[in-house]
Amino acid sequence: MTVVRAVLAVLAVVFAGASVVLLVLGVRRAAQLQRFATWRRVRATVTSMGFEARGDELGVLRVVFDVEGRSSTLLDIGEEERRVTERARLVETFASGTTHDALVDPTGASPPILVTGLATTPLSMVFLSAVFLVPVGILAGVSWWLGQR
């Protein structure tokens, strides 16, 4: 019975750790979005688009776009990998000549960032963090209950 309690406790710690990591990522993303709140939102025109394959069934979206005469490749999703099955939809969405919103630093110190609509919101990370706490409570409760027997 002690081994079962120990395994349940370890699983609870793993879920709690995952919850903390998601919460930290959500806070970091919220801080990043707060920094972008002062940036101007303008229309950008995609000049070229590609999908660079990486690993098994994964790839990275590569978009070159023009904003007010400045060219940039920065996306709000960064180097986040996407599934190859999404490739056709991404190629269609970000085809050359299409226009999308971009964020432009008013100081001009940073290059423009294309708003893809694919970025994870801080609220979803906080929600997932809370969801991960449910198994923590269940596992900790069962572990405690087993110790009472």
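Structure shown above.
A brief look at the structure comes next. (Residues numbered from 1 in each chain as written. Predicted model: local features only at pLDDT ≥ 70, side-chain atom pairs only at ≥ 80, totals over all residues. Heavy atoms only, no water.)

On to unusual backbone geometry. With phi around 60 degrees, Glu 57 is a residue other than glycine that occupies positive phi space. Within the fold, Glu 57 resides in the loop between strand E1 (40-54) and strand E2 (58-67). (Helix = DSSP H or I, 4+ residues; strand = E, 2+ residues; numbered from the N terminus.)

Turning our attention to helix H3 (residues 122-148). Look at H3: 39 Å from first C-alpha to last across 27 residues, which is about the 39 Å you get at 1.5 Å a residue. Buried within H3 are the following residues: Pro 122, Met 125, Ser 129, Val 136, Leu 139, Ser 143 and Leu 146. Of the surrounding elements, those touching the buried residues of H3 are helix H1 (2-36). (Expected span 1.5 Å × (residues − 1). Buried < 20%, exposed > 50% of the residue type's maximum accessible area, 1.4 Å probe, protein only. Contact = heavy atoms within 4.5 Å.)

With that settled, the discussion passes to the side chain of Ser 129. Note that Ser 129 resides in helix H3. If we skip the residues at most four places from it in the chain, Ser 129 touches Ser 19, Leu 22 and Leu 23.

Next up on the list: the packing of aromatic side chains. Taken as a whole and assessed by the stated rule, the structure comprises one aromatic pair. Centre to centre, the rings of Phe 15 and Phe 132 are 5.8 Å apart; their planes meet at 50 degrees, and the pair counts as tilted. Of this pair, Phe 15 sits in helix H1 while Phe 132 sits in helix H3; the two residues are 117 residues apart in sequence, bridging distant segments of the chain. Phe 15 gets classed as partly exposed once you look at its relative accessible area, which sits at 29%. Here Phe 132 falls in the partly exposed class, since its relative accessible area comes to 27%. (Phe/Tyr/Trp six-rings, centres within 6.5 Å; stacked < 30°, edge-to-face > 60°.)

So, on to the pairing of E1. As paired elements, E1 and strand E6 (residues 99-104) share six bridges and run antiparallel to each other. Directly across from Arg 43, in E6, lies its bridge partner Asp 101. Bridging between E1 and E2 involves nine bridges; their strand directions are antiparallel. Bridge pairing links Ala 53 to Gly 59 in E2. What sits between E1 and E2 in their antiparallel hairpin is a turn of three residues, with Gly 55 showing a positive phi close to 65 degrees. (Pairing = 2+ DSSP bridges.)

What follows deals with the nonpolar core. For soluble globular proteins, the rule of thumb is that nonpolar side chains tend to be buried together. Counting residues in hydrophobic clusters, the biggest one holds 16 residues, and the most contacted among them are Leu 61, Val 63, Phe 65, Val 67, Leu 75, Phe 94 and Leu 114. Among the secondary structure elements, those contributing two or more residues to this core are E1, E2 and E6. In this view, Phe 94 contacts Val 46, Met 49, Leu 61, Val 63, His 100, Leu 114, Thr 116 and Leu 118; residues no more than four positions away in its chain are not counted. (Core = buried A, V, L, I, M, F, W, Y, C linked by side-chain atoms within 4.5 Å.)

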